[in-house]
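This is what each chain is made of:
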Amino acid sequence: MNARNILLNASLVTSVALAVTVASGGADALAGLTASSDAPKATAYNPRRGTPRRVVTAQATPSELRGTGVTTDASAALPQPEIATPPSAVQTAPGAPAAPHPLTDTPTTASAPGVRLTAGATPAAAPVPIPGTGAIAPKVLKTTPAKLLFGAVREPAKMETRSIGFYAKGCLAGAEQLADNGPVWQGMRLSRNRHWGNPVLVTFIEKFARDAKAKDGWPGLLIGDMSMPRGGPMPFGHASHQVGLDVDIWYKPMPDRTLAADEREQMKMESVLLDPVHVNEQMWTPDHIKLLRRAVSYPEVTRVFVNPAIKKWMCDNVKDDRGFLHKIQPIMGHDAHFHVRLACPAGDDGCRGQPPLPAGDGCGGGLDKWIAQLSKPVVPAAPKPKVASAPAAKSKPGITVAQLPPACTAVLNASPSITLAAH
């Protein structure tokens, strides 16, 4: 590599300000849901321990914002995340020309609105253009994981509200943001920027929180992940939550005070299980049953996902008015929160819902087989001998925007519906 190329690559380092965004947790399964990231994992984010997986991002410097329609005042008004300096940073000679953008059809210039780097990447590696700042090259849409592009968006699309596609393969246009604080709810993990949804979801949460307080005596809801500003696949934590119709709600009641910002990031999600097949009856109370009854009582709610042990406990112990158990669906994880899913809004033709649940309360049969499987002791697998020539297994990069419903490309490229300064 000659000196000119070194300067070209190095100039990209000084053209961006690196920041760290806190990742998310949560869980999904059944028809596009995956195992919960709320359950402890060896190498992934563990919200109970407050240990975030970090994603390195890069934003445009004030000089790069000139000519893009974004003022330096607006960029200064953005929340300032923790700054991280990459170990591979290289000092650049003053006046060095900008490096060409490796993923777009044309080279970037000093007025490029910004790039986002994947975790662990150096600034000289292939950056991802920030959606909403200009049309994304077709090559990027076909080759870059959609979770990276949708994960880079900070504002919703200025479009008519639509939930597009399926819960685990879609996106969201015209999203509405849930207020961080309400009379009977508080948002958690605000740094994730995942409190966006179809307006019907925001309306539901506000109504559910008020009813749970007034009719059941629940102190208030702690709201976990909803969707990202434009929905779509998340970088981690969920397979669903993509169309603005899913929300995670903590089993922990809301405290009788406004939580500080650091508390919302670090407060532990406490499991209500004693072991994989039994609830901890010191933590699981009749008030939790009332809360779940209330959640499924709304006609727009199609399913509420809970841990199999919780579903089993309710099947064995709820004696009166068992009809609400029909919508309570068992799935792994979900031992510190429950997951509410709404039906596609009326008239939203681009939204694809799930088939109706079979009749009955969902007890016995498959649930008993699940509990029997979870009751088996876990036998550690014998370590396999290492083979020096064996290549390291590569993780799946995830689907691309080209594999999502076609309308999601327009959602990703749309102008933001709020100004950077306001956000």
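Because the structure is predicted, anything quoted here is derived from the model rather than measured.

The rules behind each value
- Residues numbered from 1 in each chain as written.
- Predicted model: local features only at pLDDT ≥ 70, side-chain atom pairs only at ≥ 80, totals over all residues.
- Heavy atoms only, no water.
- Helix = DSSP H or I, 4+ residues; strand = E, 2+ residues; numbered from the N terminus.
- Polar contact = N/O pair within 3.5 Å; in protein donor to acceptor, adjacent residues only side chain to side chain.
- pLDDT = per-residue confidence, 0-100.
- Contact = heavy atoms within 4.5 Å.
- Disulfide = S-S within 2.5 Å.
- Buried < 20%, exposed > 50% of the residue type's maximum accessible area, 1.4 Å probe, protein only.
- Pairing = 2+ DSSP bridges.
- Axes fitted to C-alpha atoms, helices over the stretch in contact; angles between N-to-C directions.
- Parallel < 35°, antiparallel > 145°, perpendicular 65-115°, else oblique.
- Left-handed = near helix turned anticlockwise from the far one by under 90°.
- Core = buried A, V, L, I, M, F, W, Y, C linked by side-chain atoms within 4.5 Å.
- Salt bridge = Lys/Arg side-chain N within 4 Å of Asp/Glu carboxyl O.

K.L.:
Tell me about the side chain of His-339, residues and numbers included.
P.N.:
If you trace the backbone, His-339 turns up in strand 17 (residues 337–342). A distance of 2.7 Å separates polar atoms of two side chains, one belonging to His-339 and the other to Asp-246.

K.L.:
Talk me through the confidence of the model for the protein; I want residue IDs and the actual numbers.
P.N.:
Predicted confidence across the protein gives a mean pLDDT of 75, with 65% of residues reaching 70 or more. Contacts from residues 1–126, a stretch scored under 50 in pLDDT, to residues over four places away or in other chains number 253 contacts. Within the model, pLDDT remains below 50 along residues 419–423, and this stretch shows 12 contacts once partners closer than five positions in the same chain are excluded.

K.L.:
Give a description of the state of the cysteines that names residues and reports values.
P.N.:
A complete count under the given rule lists 3 disulfides for this structure. Between the sulfur of Cys-171 and that of Cys-408 lies a disulfide, 2.1 Å long from S to S. Between Cys-171 and Cys-408 the sulfur-sulfur dihedral comes to about -95°; the bridge is accordingly left-handed. In this pair, Cys-171 is assigned in strand 6 (residues 169–173) and Cys-408 in helix 11 (residues 407–413), connecting sequence segments 237 residues apart. In terms of burial, Cys-171 and Cys-408 fall into one category: buried. Paired through a disulfide, Cys-315 and Cys-363 show a sulfur-sulfur distance of 1.9 Å. The disulfide joining Cys-315 to Cys-363 has a torsion of about -85° about its S-S bond and is therefore left-handed. Separated by 48 residues along the polypeptide, Cys-315 in helix 9 (residues 308–317) and Cys-363 in the loop between strand 17 and helix 10 (366–375) bring together distant segments of the chain. By relative accessible area, which is 10% here, Cys-315 ends up buried.

K.L.:
Can you lay out the pairing of strand 17 for me, pointing to particular residues and giving the numbers?
P.N.:
With 6 of its 6 residues buried, strand 17 lies for the most part within the structure. The pairing of strand 15 (residues 301–306) with strand 17 spans 4 bridges and is antiparallel. For Arg-303, the partnering residue across the bridge sits in strand 17 and is Arg-341.

K.L.:
Hey, could you go over unusual backbone geometry for me, with residue numbers and the actual values?
P.N.:
One non-glycine residue, Asn-193, lies in the positive phi region at around 55°. Relative to the elements of secondary structure, Asn-193 occurs in the loop between strand 9 (185–187) and strand 10 (196–197). Residue classification places Asn-193 among the buried residues on the basis of a relative accessible area of 6%. A positive phi angle is found at His-334, which is not glycine, with a value near 50°. You can call His-334 buried: its relative accessible area is 0%.

K.L.:
Tell me about the packing of helix 9 against helix 10, residues and numbers included.
P.N.:
Here helix 9 crosses helix 10 at 125°, and the two axes come no closer than 10 Å. Comparing the axis directions of helix 9 and helix 10 gives the class oblique. Crossing of helix 9 against helix 10: the hand is left-handed. Contacts between helix 9 and helix 10 involve Pro-308, Ala-309, Lys-311, Lys-312 and Cys-315 on the former and, on the latter, Leu-367, Asp-368, Trp-370, Ile-371 and Leu-374.

K.L.:
Now, about the nonpolar core: what can you tell me, with residues and values included?
P.N.:
Across soluble globular proteins, nonpolar side chains show a tendency to be buried alongside one another. Core analysis: the biggest nonpolar cluster contains 46 residues, and Phe-208, Val-304 and Phe-338 have the highest contact counts within it. Where this core is concerned, the elements lending two or more residues are helix 6 (199–216), strand 11 (221–223), strand 12 (246–250), helix 8 (286–296), strand 15, helix 9 and strand 17. The greatest single-element share of this core, amounting to 7 residues, is contributed by helix 6. Setting aside chain neighbours within four positions, we find Phe-208 in contact with Leu-221, Ile-249, Leu-291, Arg-294, Ala-295, Tyr-298 and Phe-338. Residues Ile-136, Phe-150, Met-228 and Ala-414 belong to the second largest nonpolar core, which totals 20 residues.

K.L.:
For the pattern of salt bridges, give the residues involved together with the corresponding values.
P.N.:
Counting across every chain of the model gives 12 salt bridges. Across the pair Arg-257 and Glu-263 runs a salt bridge whose closest N-O atoms are separated by 2.7 Å. Residue Glu-263 is classed as partly exposed on the basis of its relative accessible area of 23%. Arg-293 is paired through a salt bridge with Asp-321; the nearest N and O atoms lie 3.4 Å apart. Residue Arg-293 is located in helix 8, and its partner Asp-321 is located in the loop between helix 9 and strand 16 (328–330); the two are separated by 28 residues in the primary sequence. Through salt bridges with shared partners, a single network forms among Arg-192, Arg-194 and Asp-225.

K.L.:
Explain the environment of Arg-293 to me, using residue names and the numbers behind them.
P.N.:
For Arg-293, a relative accessible area of 25% puts it in the partly exposed group. Spatially, the C-alpha atom of Arg-293 lies 9.5 Å from that of Arg-322, the residues being 29 residues apart in sequence. Discounting residues that sit within four places of it in the chain, Arg-293 has contacts with Val-318, Asp-320, Asp-321 and Phe-324. Among the polar contacts listed, one links the side chain of Arg-293 to the backbone oxygen of Asp-321, at a separation of 2.9 Å.

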